[in-house]
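One letter stands for each residue in the lines below.
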Amino acid sequence: MRLLAIMLSLSFSTAFAQKMEGEITYEKVTAWPKLYGTLTYMSNEERDRIKQTWGDDESKQEMRLLFNGQKSFYTSSKHLDNDAGWSWNEKEYKLYRDMETEKRTDIIEMLGKIYIVEDSVRAPKWKIMNKIKEIGGYMCMMAVTEDTVKKQKITAWFADNIPLGVGPDLYGGLPGMILELDINDGIVVTTAKKIEMKPITDDIEVPKKIKGRKINEQQYNTLVANHVRDSFKARRAFFWTMPY
C-alpha cells in the first residue's frame, strides 16, 4: 500500500508538472564592489581596467525563463524582445531544456566564438538546507552546491509547488523551480521579480538551424577550466570573455 501511495503521488506530481506553463522574469544583479574584493591575485592594472569598465556600483540585467511543463527556455529579455533574436550589446546566451528527454541545448557566446552545448541534463550535487524564505509569493527552500570548475559557491532557493527542476542560468535538478540563485555570497544574484502562470506564445523550441561549434558538456567544462586557469596565471579576469 505504501509503494502504491508513493507511485500515485509521483504520477500526480508528474501530471501536475506537465500542466505547468508560464514565464518568470528575473533580475540579475552583479555587485562589482564585492567582486573586486575577490580579485586579489590580479595586477593593479587589471583591477583598474575592470573598475573603469563596470564602475563601482551594481549592474542589473533582466532575464526571462519560459516553460510549458515539458520544455523551458532561458535568455535575456533583450534577446526575446528583439525580433532578430540578437542585441548588439548582449552576447548570445540561450539555454534550452527538454524535461521529457532530459536533454540540454545551450547557445553560449564566449572566448570569441559561439558554442552549442548539446548533452544530457545532469543535476549538480545539491544539499538541501533547513532554511526557507518567501520569494514572489512562493515559499522557497534553500539548497547549496559548488561549481568545481569556476570554484564558486552556489546557493539556490526553490519553490516545490512549481514542480519543475529548472531555473536561471545552468542550474536545475531540484524538486522545484529555482526562484533565486546566488553565486559566491552575493556577487551575482538572480531573483524572480515576476512569476506569471499563463499560456506561452513565444517559441521555446530549439532552432533547427544554429550557427556555432557543437560540443558536449565535458568539452565545455574543459574549455572553461582551461580559460579560468590561464586567466589566473596571467593575473586577469576570466569573465572578460565568458559569463561569471
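The rules we used
- Within each chain, residues carry numbers counting from 1 in the order of the written sequence.
- Local features in a predicted model are, by the rule used here, given only for residues with pLDDT of at least 70; side-chain atom pairs are given and counted only at 80 or more, and totals for whole chains, interfaces and linings are based on all residues.
- The basis for every side-chain value is the complete set of heavy atoms in the structure, and neither hydrogens nor water enter the calculation.
- When DSSP locates at least two bridges between a pair of strands, those strands are taken to pair.
- Going along the chain from the N terminus, every DSSP run of H or I of four or more residues is numbered as a helix, and every run of E of two or more is numbered as a strand.
- Fitted lines through C-alpha atoms give the axes, limited to the stretch in contact for helices. The angle between two N-to-C directions lies from 0 to 180 degrees.
- In this analysis, the expected span of each helix is defined as 1.5 Å times one less than the number of residues it contains.
- Think of it in three bands: residues with accessible area under 20% of the maximum for their type are buried, residues over 50% are exposed, and the middle band is partly exposed, with areas taken using a 1.4 Å probe on protein chains only.
- Within this analysis, the arc is defined by the directions that extend from the helix axis to the C-beta atoms.
- A contact between two residues is defined here by any heavy atoms of the two lying within 4.5 Å.
- Residues adjacent in sequence count toward polar contacts only when both atoms are side-chain atoms; beyond that, a polar contact is any pair of N or O atoms within 3.5 Å, and within protein one must be able to donate a hydrogen and the other to accept it.
- Take the buried residues of types Ala, Val, Leu, Ile, Met, Phe, Trp, Tyr and Cys, join any two whose side-chain atoms come within 4.5 Å, and each joined set is a nonpolar core.
- In this scheme Phe, Tyr and Trp rings, the latter by its six-membered ring, pair at centre separations within 6.5 Å, and the angle between planes marks the pair as stacked below 30 degrees, edge-to-face above 60, and tilted otherwise.
- Charge-over-ring placement is defined geometrically: NZ (Lys) or CZ (Arg) within 6 Å of the ring centre, and within 35 degrees of the ring normal.

> Please provide a residue-by-residue account of the sheet that holds strand E11 (residues 188-197), values included.
A sheet is described by the order of its strands in space; here 12 strands give the open sequence E7-E8-E9-E10-E11-E1-E2-E3-E4-E5-E6-E12, paired in mixed fashion. Only two strands of the sheet have a single neighbouring strand rather than two, namely strand E7 (127-135) and strand E12 (213-215). Between one strand axis and the next, the sheet turns by 20 degrees as a mean value, whatever way the strands run. Bridging between strand E4 (residues 93-98) and strand E5 (residues 103-110) involves 6 bridges; their strand directions are antiparallel. Within E5, the position partnered with Tyr93 by the bridge is Ile108.

> Kindly report on helix H5 (residues 217-233), identifying the contributing residues and their values.
In an α-helix, one full turn covers 3.6 residues, which means residues spaced three or four apart are oriented alike. Helix length check: H5, at 17 residues, gives a terminal C-alpha distance of 24 Å against a target of 24 Å (1.5 Å per residue), a fit within 8%. Taken together, the buried positions of H5 are occupied by Glu217, Tyr220, Val224, His227, Val228 and Ser231. In a view along the axis of H5, the buried residues occupy a sector of 100 degrees, so they form one face of it. Among the exposed residues of H5, those pointing more than 90 degrees away from its buried face are Gln218 and Lys233. Buried residues belonging to H5 abut E5, strand E6 (113-120) and E12. If you check the start of H5, you find a side-chain oxygen 3.2 Å away from the backbone N of Gln218, and it comes from Asn216. Once H5 finishes, Arg235 follows within two positions and takes phi at roughly 60 degrees, a positive value.

> Explain the nonpolar core to me, using residue names and the numbers behind them.
Grouped together as the largest cluster of nonpolar side chains are 55 residues, with contacts concentrated most on Tyr26, Met177, Leu179 and Phe239. Among the nonpolar cores identified, the runner-up in size contains 7 residues, and Leu66, Phe73, Tyr96 and Ile107 belong to it.

> Got a sec to walk through the environment of Met99? Specific residues and values, please.
Its location among the elements puts Met99 in the loop between E4 and E5. Between the alpha carbons of Met99 and Lys71 there is a distance of 5.6 Å; along the sequence they are 28 residues apart.

> So, the side chain of Asp169: which residues are in play, and what are the values?
When you line up the elements, Asp169 lands in the loop between strand E9 (152-159) and strand E10 (177-183). Here the side chain of Asp169 touches Lys28 through a polar contact of 3.3 Å, side chain to side chain. The residues touching Asp169, leaving out its near neighbours within four places in the chain, are Lys28, Tyr74, Tyr93, Leu95, Leu181 and Thr190.

> How would you sum up the packing of aromatic side chains? Please name residues and give values.
Evaluation of the coordinates by the stated rule reveals 8 aromatic pairs. Judged by centre distance (4.5 Å) and plane angle (15 degrees), the ring pair of Phe73 and Tyr96 falls under stacked. With Phe73 in strand E3 (residues 71-76) and Tyr96 in strand E4, the pair connects residues that are 23 residues apart, well separated along the chain. Of the two residues, Phe73 and Tyr96, neither departs from the other in class, the shared state being buried. Ring geometry for Phe238 against Tyr244: centres 5.8 Å apart, planes inclined by 15 degrees, an arrangement best described as stacked. On the basis of relative accessibility, which here comes to 18%, the residue Tyr244 falls in the buried class. In this structure an aromatic cluster arises from ring pairing among Trp32, Tyr36, Phe238, Phe239 and Tyr244. Taking the ring centre of Trp240 as reference, the NZ or CZ of Arg49 above it sits at 3.8 Å.

> Go over the environment of Arg97, please, and point to the residues and values.
Residue placement: Arg97 occurs in strand E4. Between the C-alpha atoms of Arg97 and Phe73, which are 24 residues apart in sequence, the distance is 6.5 Å. When near neighbours in sequence (up to four residues on either side) are disregarded, Arg97 contacts Gln70, Lys71, Ser72, Lys103, Arg104, Thr105, Asp106, Val121, Val166 and Leu170. One polar contact links Arg97 to Asp106, side chain to side chain, over a distance of 2.6 Å.

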